[in-house]
Amino acid sequence: MTLFIAVVCGLLYFAGTSRMGYGLGTATGSPIVLGFILGMLYGDVSTGLIIGANIQLVYLGIIATGGNIPADQTLAGVIAIPIALQLGMDANTAVGLAVPFGILGVFLDQIRRTSNSIWVQKADKLAASGNDKQIFHCAFTYPAIFALVLRFIPVFIINLFGASAVTWAMEALPSWVIGGFKVAGGILPAMGFAIIIMTIGNKRLMPFFFLGFFAVAYLKINIMAAAIFGTCIALLSYFSQKPEDDVFSAQEDAQPGEKTYSLSNKDLWNTYMMWFFSTELSNSYERLQALAFCNALSKRLKKLYKNNFKGYTEALTRHLQFYNSEGTIGCIIHGIALSMEEQRSKGEPVPGEMITGIKTGLMGPLAGIGDTLIWGTLKPIILGLGCSFALSSNALGAVIPFLYPIIMVIIGYNLLKMGYLVGKESVMRLINNGAVNQIITATGVLGLFMMGSLSSTYIKVSTPLKFAMANTQPIVLQEIFDQIIPGLLPLVAIFAIYWYFKKIGQRYNKVVLFVLVMSMVASFLGVLG
């Protein structure tokens, strides 16, 4: 593999995993996007897109709860895609090669989050002296430099020398092992769909998954048609339920009136942008998103406390305390914190403990809403649509993932602004609003319908078993399965993994290992292929 490709892969891995841009890394590090870029470099965009989309399906439902990534889709992509393109691997074999690297990427992220504790401890001293410039470097610059070194070097080395090692292994391994990788590559996307069902599925909504699955299996509609039908069904679900209260009523009840505000829309936008680009970049095991939260508010706090240096340093210290929530829906908290700090800076009786208490009280509920809506529903829908285009060799598939961070920016900024203008009481009403629950239900309907449609199309599990009988045609077992229920084996794969997650726990790596071993055995025995 050329030096240039190795350098590009190292930089792509850094761009996709540095966390500079909340949700942006999900797009830039998506195997679909990686497949498109690397496909262009190798002169085979079509194959790059197809391989990338197949890898993406495995990680479709992965959610980094608390910032902990259970698998690294970007490392899986930047290693497997260039090697597969160079050696002419088929997509399923490439998936089998990618998954072990996806597991190894978890350890690199653990190193990153452990080292970030250094910067948050350094920021404690800087807050006491009111040094917001150095706090910015602790939240952004230093973690970014370390991430570049941590991410670039191993990927550069593997890509520079890995292809020859894989070539030797492919030539040395028996055919049933290679066949096992292909079988595993067809089954592993079932894990991604099982994770999504665990996240947004419940007994009341599960029929929509089967509706999507069998709509494709029996009616043979394409994924775009499924998306249109799913959207219509979701809207029917939303409007068929009468909301307990209008979702915007809390905002209307708290119009600004005579109140004057110290911060402009530009201030609020800059606060959001600072948060967006550093939310997870400086995430540490010690205090998670606290450093990014303090950094995002620091310049606005300086403006609010311009004539009160002690109040400013106390505010910086206050916002370096433990913080962790979903980074888009949780932006309401930033707005509320700024609103309360503004009241405190004007001499109103707002204790610092109250500001901290409000933050702490809102973190959990908003994280639950955000993880369900943003990560559990919106992300797999958008990436699933991207996969459908990419698997058809359509370059639009590499553009669609960028809708995800764009939507997140629109939602996040407006929620931050609303939190600042509305205040804590009305925001609490908004969180408990019946309309919010309706939105969660409707998006769950759409998400499950789409996941059923996608799984019916893109999970490839079949058996080559035939039973020969005298004086008649052999009985082909796969044909019998198809006559009973089209896509029966993919459905069994999804719900076998779902059952394991439900009963044993979401131990992704154990499932991956089991699928790989089972696929090797099934390939050796000729049961699956």
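This is a predicted model, so every value here is computed, not measured.

Here's the deal with empty space enclosed by the protein
Right, so step 1: Enumeration according to the criterion identifies one cavity of 30 Å³ or more in this entry.
Right, so step 2: Space inside the largest cavity adds up to approximately 40 Å³.
Right, so step 3: Considering the residues around the largest cavity, the lining is formed by V58, Y59, A71, V99, I103, M191, Y508, N509 and V512.
Right, so step 4: Secondary-structure elements contributing two or more residues to the lining of the largest cavity are α6 (91–115) and α24 (508–525).
Right, so step 5: By residue number, the principal contributor to the lining of the largest cavity is α24, which donates three residues.

Quick look at helix α14 (residues 265–278)
Right, so step 1: With 14 residues, α14 extends 20 Å from end C-alpha to end C-alpha; this agrees with the ideal 20 Å at 1.5 Å per step.
Right, so step 2: Three or more residues of α14 are buried, namely D267, L268, T271, Y272, M273, W275, F276 and S278.

A word on the confidence of the model for the protein chain
Right, so step 1: Scored by pLDDT, the protein chain comes out at a mean of 86, with 92% of its residues at no less than 70.
Right, so step 2: By mean pLDDT, the top-scoring element of the protein chain is helix α3 (residues 31–42) (95), and the lowest-scoring one is helix α13 (residues 249–252) (47).

Notes on helix α23 (residues 488–503)
Right, so step 1: A rise of 1.5 Å per residue sets the reference length of α23, with its 16 residues, at 22 Å; its end C-alpha atoms lie 22 Å apart and thus fit the reference within 8%.
Right, so step 2: All of the buried residues in α23 are L489, P490, L491, A493, I494, I497, Y498 and F501.
Right, so step 3: One or two residues past the end of α23 sits G505, with phi positive at roughly 130 degrees.

What counts, and at which threshold
Counting restarts for each chain: residues are numbered from 1 in the order of the written sequence. Only residues with pLDDT of 70 or above have their local features reported here, since the model is predicted, and side-chain atom pairs are shown and tallied only from 80 upward, although totals for entire chains, interfaces and linings are computed over all residues. To get the side-chain values, take all heavy atoms of the structure and skip hydrogens and water. We place a 1 Å grid over just the protein atoms. Points where a 1.4 Å probe fits but has no way out form a cavity, open points with protein on both sides within 12 Å along at least 5 of 7 lines form a pocket, and any residue with an atom within 4 Å of a point lines it. Grid points are joined across faces, edges and corners, and a volume is the space filled by probe spheres set on the points. Only DSSP runs of H or I with at least four residues qualify as helices, and only runs of E with at least two residues qualify as strands; both kinds are numbered from the N terminus onward. Helices are assigned an expected span. That span is 1.5 Å times one less than the residue count. When a residue's accessible area, from a 1.4 Å probe over protein chains only, is under 20% of the maximum for its type it is buried; when over 50% it is exposed; and in between it is partly exposed. On a scale of 0 to 100, pLDDT captures the predictor's confidence in every residue.

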